[in-house]
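# Close look at the chain arrangement
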Amino acid sequence: MNVDDLANAVVPSRTTLLFGAGASIPSGGPSGSQLARTIAKLLSPEPEGDDLAEIGQIVENRKGRAALVAAVRKTLEGIAPTAGLLALPDFDWLSIYTTNFDTLVEQAYQAKARGLEVYRSNFDVTHPRDGRTPLYKIHGCVTQDVADGHKSRMLITESDYDDFEQYRQTLFNSLVQDMFTSDTVIVGQSLSDRHLKDLAKRVVGLRPQGVATRVFLMVHDYSADRAELYTRLGIEVVHGALDDLLRALMRAGKTAQSVAYSTSTDAGILTSELVLSTIDVHHAAGLTPNVARLFNGAPATYADVRGGFTISRVAQYRLEEAFKGARGFFIVLEGARGVGKTSLARALMLALSDRGLACWEHQSDQAFSVDSWLGVESRLRLSGSEGVLLVDDCSRHLAQVNRLVDKLSALDRPHLRVVVTADAAKWKVSVKSQGFFSRGTLLRLSVLERGDLDEMVGLVDRRPEIKALVEQSFLALGRAERVSRLRDKCSAEMFVCLKNIFANDSLDDILLQEYFSLAPEPQDVYRYVAAVQALGGHVHRQLIMRVLGISATGLDSLLGQLEGIVFEQVIDTRQGIYGWQTRHDVIASIIAKLKFADQAELEQLLLNLIDGLNPSVRLELETAIAIATEEGGIQRITNFDTQVSLYRRLINTIPAHKTPRRRLVRLYLDKDLLPEATQEILSSERAVGQDPVLMRYKGQVGLRKAEGMKQVEESDRKAMLLDAENIIRRCIDKYGRDLYSYVTLGQIGLALARRFGDFRAADDAIEYLIEYEVVNGDPQIQQRRRELQDSLRRFETPWDGVSAIELEDAAGTLDASLIAE
């Protein structure tokens, strides 16, 4: 069952929620086994096992009740609701039951000022429901325990369960009553959780005979084999998390409220939809850091930064200073993959959050709503607050981000600022909002600076958790030698993997050893996931299953073997899409380069991907486009005929999409195959209609024909150039401002000036570029304008005094700089 089916099947006012430990984990709550291991640290030696009731009993026997309760409270201290739990009060639930001790649900309802009747013990159960949503805490609450003199207690130990079984039964009797008229949704974490299974079996056993209500079990970690076991109990298993269910209910229009509260601020700022598609920086910083994953190449999380497991980069000070000025409304961190853009951006966001600003990060796999964020700016303005939004790897949402920046930059002083990270190559050729240049700051990251290297060395000495992971050979070096080693390692713009920086082996060798340790089937999955990720595509489990022919039953085992190497995340439970990715794009690129070095294998990979694509899925359509445009796709094939064949195959797969058609025309132009390019342009226009890029290519074909033909009258050559000029002018008139259309007009203008002394087109191109430069401010515009002016000056001397060689050299300067698309 998918989550949209579940959302359509239930009505919140006739639905009972039952939370296991999995419901609190995204907000920083521990699982039962994690809590058991935490309180076990009170004893020396620590008792083995992770059964909470058993470990709790041992601790109470040896340390007393007060010490046990204090340890539980310390573990739960400071955790706050996020995402799904924050949006929970937007729905009129019949009732909520939880096995968790924490107060996350209570905090969420309090933040929304919505009523919640809390039953923490059997003393509370004597009070009848008063119309508010009731919350039944089956295992008690962290706020009350007999250790403090209360009559109630948390059910932690085996004795607690034995002595207070009657209390639990009273609550379960209430659940039985609710099940007469309501469906029950159990929210857990994993089907392998034995406590969740015991809870589910007890709930099914309580369901009254003959009633038509249903029991659903939602889990994030799904196994088809285990799901079948629950199905036999009469439980309908749904793969997804609480966030997914709430999104689906919102799509179905089943909300009771519309605005949720951010934990970063006391005011209601984010809509519920945004709460479910953003990371709250203040909250995320309070979660548990993961040093091992950071050490192995993953970008730093906010918790890693807060925990002091990252370096304070010199560039961060410059960004914070820029933030204070007139060009601090829009910050761009640009650089190659692996230079630390994401980690630096998150460090900046955390610093701004600590200054009292409301800070959020957009979850890149979720849709980006410009109107919703403009609403956030309005609410920030009304409350006199300021907020900052981070869009990591903004190329996926650049059109929407441009619209947002356009709208914000039009305000005198926007109360919402935007920070983006961008791959340098993609940023350079993309259309950017004028606001990034008029009211923003761009920082280009590359190598680590000297201060960064000193910080790296200091990090090893400062943090024992990092030091324990570093090779002894590095620790044996003196400080100066350590800095020298890091400088050598970092010279190739490398800030992706601490393991690589501190190790003797190269990153390639480390990854090859890791790859070699895997069995053949997970090796195949790893290299395919890496290859698709490296070419800029988006991997998800169904795509890999289709391409590699993997059955659903073996999926969990494969992911288990790839633990820590390939990660799964929920993208769209409505369509059952779960994304897979390696730890970092740089790691994916290395694996793809090494494991698809053979051209025949690379060709087969691309064929398998193209034939296995389902373009109706957004992620797969994006992957198809990446195959056409990215360096790791068809461009990596060295054989021209194979490239043409792959482009045509891709065109057949997504015939209505213009990108692969443009790329095929570009390929013909690069090979100077003008008849083939002309034919492909005509074919494309018949299939998908006119297009600014195809029109520009048509003008370039006319230019090259005029320049390349040897035996032709000069009047005919001029006519061909004028025809090419007219094509580009129509393109500009029809589609508006475009850097590359202006540059193409300039190329044609140079040809007319060189051969016929006609400067009109070149002069117009310069005027267009000057006007566009004023409006947009992109440095690329200024660069192209200067190149064109420099070339044109060579022709402004008396015509007879310019040699043919000079004329050819001047025209070639601009030709070499043109990036066609």
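Residues numbered from 1 in each chain as written. Predicted model: local features only at pLDDT ≥ 70, side-chain atom pairs only at ≥ 80, totals over all residues. Heavy atoms only, no water.

Per the secondary structure count, the protein chain includes 43 helices and 16 strands. Split into buried and exposed, the 821 residues of the protein chain put 54% on the buried side. Partitioning the contacts of the protein chain with sequence separation of at least 6, the portion at a separation of at least 24 is 70%. If you sum the accessible surface of the protein chain, you get close to 33,900 Å²; carbon and sulfur atoms cover 48% of it. (Helix = DSSP H or I, 4+ residues; strand = E, 2+ residues; numbered from the N terminus. Buried < 20%, exposed > 50% of the residue type's maximum accessible area, 1.4 Å probe, protein only. Contact = heavy atoms within 4.5 Å. Areas by Shrake-Rupley, 256 points an atom, 1.4 Å probe, with all protein chains shown as cover.)

On to the packing of helix α40 (residues 739-756) against helix α42 (residues 779-793), then. Across the interface, α40 lies against α42 with an axial gap of 11 Å and an inter-helix angle of 5 degrees. The angle between the axes of α40 and α42 places the two elements in the roughly parallel class. Between α40 and α42, the residues in contact are Leu739, Tyr740, Val743, Gly746, Leu750 and Ala753 and Gln780, Ile781, Arg784, Leu788, Ser791 and Leu792, respectively. Residues that form the contact of α40 with α42 fall into these classes: 8 nonpolar, 3 polar and 1 charged. (Axes fitted to C-alpha atoms, helices over the stretch in contact; angles between N-to-C directions. Parallel < 35°, antiparallel > 145°, perpendicular 65-115°, else oblique. Nonpolar A, V, L, I, M, F, W, Y, C, P; charged D, E, K, R; others polar.)

On to the packing of aromatic side chains. Enumeration over the complete set of coordinates arrives at 11 aromatic pairs. With 4.5 Å between their ring centres and 15 degrees between their planes, Tyr97 and Tyr136 make a pair best called stacked. Here Tyr136 lies in strand β4 (residues 133-137) and Tyr97 lies in strand β2 (residues 95-98), a separation of 39 residues in the sequence. A relative accessible area of 0% means that Tyr97 is categorised as buried. Look at Tyr136 and you get buried, because its relative accessible area is 4%. Measuring from centroid to centroid gives 5.7 Å for Trp360 and Trp373, while their planes differ by 50 degrees, and the two rings are tilted. Of this pair, Trp360 sits in strand β10 (residues 358-362) while Trp373 sits in helix α19 (residues 370-383), and the two are 13 residues apart along the sequence. The same class applies to Trp360 and to Trp373, which are both buried. Of the aromatic side chains, those joined through ring pairs into one cluster are Tyr97, Tyr119 and Tyr136. Note that Arg346 overlies the ring of Tyr302, its terminal NZ or CZ placed 5.7 Å from the centroid. (Phe/Tyr/Trp six-rings, centres within 6.5 Å; stacked < 30°, edge-to-face > 60°. Lys NZ or Arg CZ within 6 Å of the ring centre and 35° of its normal.)

Attention now goes to the sheet that holds strand β11 (residues 387-391). Taken together, 6 strands build an open sheet; the order of strands is β8-β10-β11-β12-β9-β13 and the sheet is mixed. The sheet terminates laterally at β8 (278-280) and β13 (440-445), the two strands that pair on one side only. For this sheet, the mean angle separating the axes of adjacent strands, direction not counted, is 20 degrees. Contacts between helix α17 (residues 314-324) and the sheet are confined to β9 (330-335), β11, β12 (416-423) and β13, with β13 contributing the most and set at about 175 degrees to the helix. Packed onto the sheet, helix α18 (residues 341-354) meets β9, β10, β11, β12 and β13 and runs at close to 165 degrees relative to β12. (Pairing = 2+ DSSP bridges.)

What follows concerns the pattern of salt bridges. Within this structure, the stated rule accounts for 49 salt bridges. A salt bridge links Arg527 to Asp524; the shortest N-O distance between them is 2.7 Å. Placement of both Arg527 and Asp524 in helix α29 (residues 520-534) is noted, with a separation of 3 residues, approximately one turn of the helix. The residue Asp790 makes a salt bridge to Arg793 at a minimum N-O spacing of 2.6 Å. Linking Asp790 with Arg793, this pair stays in helix α42, spanning 3 residues, or about one helical turn. One connected set of salt bridges, linked through shared partners, spans Glu60, Arg65, Asp145, Arg153 and Asp160. (Salt bridge = Lys/Arg side-chain N within 4 Å of Asp/Glu carboxyl O.)

This part is about the nonpolar core. Membership of the largest hydrophobic core comes to 63 residues, with the highest contact counts inside it found for Val525, Tyr526, Ile544, Trp580, Leu606, Ile627 and Leu650. Ignoring anything within four residues of it in the chain, the contact list for Val525 reads Ile544, Leu548, Ile550, Leu558, Leu562 and Trp580. Judged by nonpolar contacts, the second largest core, of 50 residues, contains Leu43, Leu76, Val118 and Val238. (Core = buried A, V, L, I, M, F, W, Y, C linked by side-chain atoms within 4.5 Å.)

Turning next to the confidence of the model for the protein chain. Low pLDDT means the predicted coordinates in that region are not meant to be read closely. Looking at the protein chain, pLDDT values average 83 and 88% of them are 70 or higher. The spread of mean pLDDT over the elements of the protein chain runs between helix α43 (residues 804-817), the lowest at 45, and β11, the highest at 96. Note that pLDDT drops below 50 for residues 258-267; the model gives that stretch 37 contacts with residues more than four away or on any other chain. The low-confidence segment residues 797-814 (pLDDT under 50) makes 29 contacts with residues lying over four places distant or belonging to another chain. (pLDDT = per-residue confidence, 0-100.)

For the rest of this paragraph, the subject is the pairing of strand β3 (residues 116-119). Because side chains alternate across β3, one face comprises the buried residues Leu116 and Val118, and the other comprises Glu117 and Tyr119, equally buried. As judged from the 4 bridges shared by β3 and β4, these two strands associate in the parallel manner. Looking across to β4, one finds that Val118 is bridged to Leu135.

With 15 residues, helix α37 (residues 674-688) extends 21 Å from end C-alpha to end C-alpha; this agrees with the ideal 21 Å at 1.5 Å per step. Listing the buried residues of α37 in full gives Leu674, Ala677, Glu680, Ile681, Ser684, Glu685 and Val688. Mapping the buried residues of α37 onto a view down its axis gives an arc of 135 degrees, with all of them on the same face. Exposed residues on α37 whose side chains face more than 90 degrees from its buried face are Pro675 and Arg686. Those residues of α37 that are buried are in contact with α35 (640-653), α36 (659-670) and α38 (692-708). Phi turns positive one or two residues past the end of α37, at Gly689, with a value near 85 degrees. (Expected span 1.5 Å × (residues − 1). Arc of directions from axis to C-beta.)

Below, the discussion takes up the packing of α17 against α18. In contact at an axis separation of 10 Å, α17 and α18 are set at 50 degrees when each is read in the N-to-C sense. The angle between the axes of α17 and α18 places the two elements in the oblique class. Seen along the crossing, α17 lies across α18 with a hand that is right-handed. Listed contacts from α18 to Ala315, Gln316, Leu319, Glu320 and Phe323 of α17 are Leu344, Ala347, Leu348, Ala351 and Leu352. Residues that form the contact of α17 with α18 fall into these classes: 8 nonpolar, 1 polar and 1 charged. (Left-handed = near helix turned anticlockwise from the far one by under 90°.)

For the rest of this paragraph, the subject is a negative patch on the surface. On the surface, a cluster of negative charge is made up of Glu54, Glu158, Asp162 and Asp163. Following the sequence through the fold, Glu54 ends up in helix α3 (residues 52-63). (Patch = residues over 30% accessible without salt bridge, like charges linked within 9 Å, V, L, I, M, F, W, Y side chains within 5 Å. Lys, Arg positive; Asp, Glu negative; His and termini not counted. Charge placed at Lys NZ, Arg CZ, Asp CG, Glu CD.)

What follows deals with the pairing of strand β1 (residues 15-19). Most of β1 is tucked away: 5 of the 5 residues are buried. Residue alternation in β1 divides its side chains into two sets, Thr15, Leu17 and Phe19 and Thr16 and Leu18, and both sets are buried. Direction of pairing for β1 relative to β2: parallel, over a ladder of 4 bridges. In the strand pairing of β2, Leu18 is matched with Tyr97.

Before going further, it helps to examine unusual backbone geometry. For the peptide bond that leads from Ser44 to Pro45, omega is 0 degrees, which places it in the cis range. Topologically, Pro45 is positioned in the loop between α2 (32-40) and α3. Backbone geometry places Asp393, a non-glycine residue, at a positive phi of 50 degrees. Counting through the fold element by element, Asp393 comes out in the loop between β11 and α20 (398-409). Using a relative accessible area of 32% as the deciding quantity, one classes Asp393 as partly exposed. Here Asp672, not a glycine, exhibits a phi torsion of approximately 60 degrees, which is positive. Mapped onto the fold, Asp672 is located in the loop between α36 and α37. Asp672 sits in the partly exposed class, given a relative accessible area of 48%.

As for its placement among the helices and strands, Glu48 is situated in the loop between α2 and α3. Relative accessible area serves as the criterion here: at 74%, Glu48 is assigned to the exposed category. For Glu48 and Arg37, which are 11 residues apart along the polypeptide, the C-alpha to C-alpha distance reads 8.6 Å. Beyond its immediate chain neighbours, meaning those up to four positions away, Glu48 contacts Arg37, Glu54 and Ile55.

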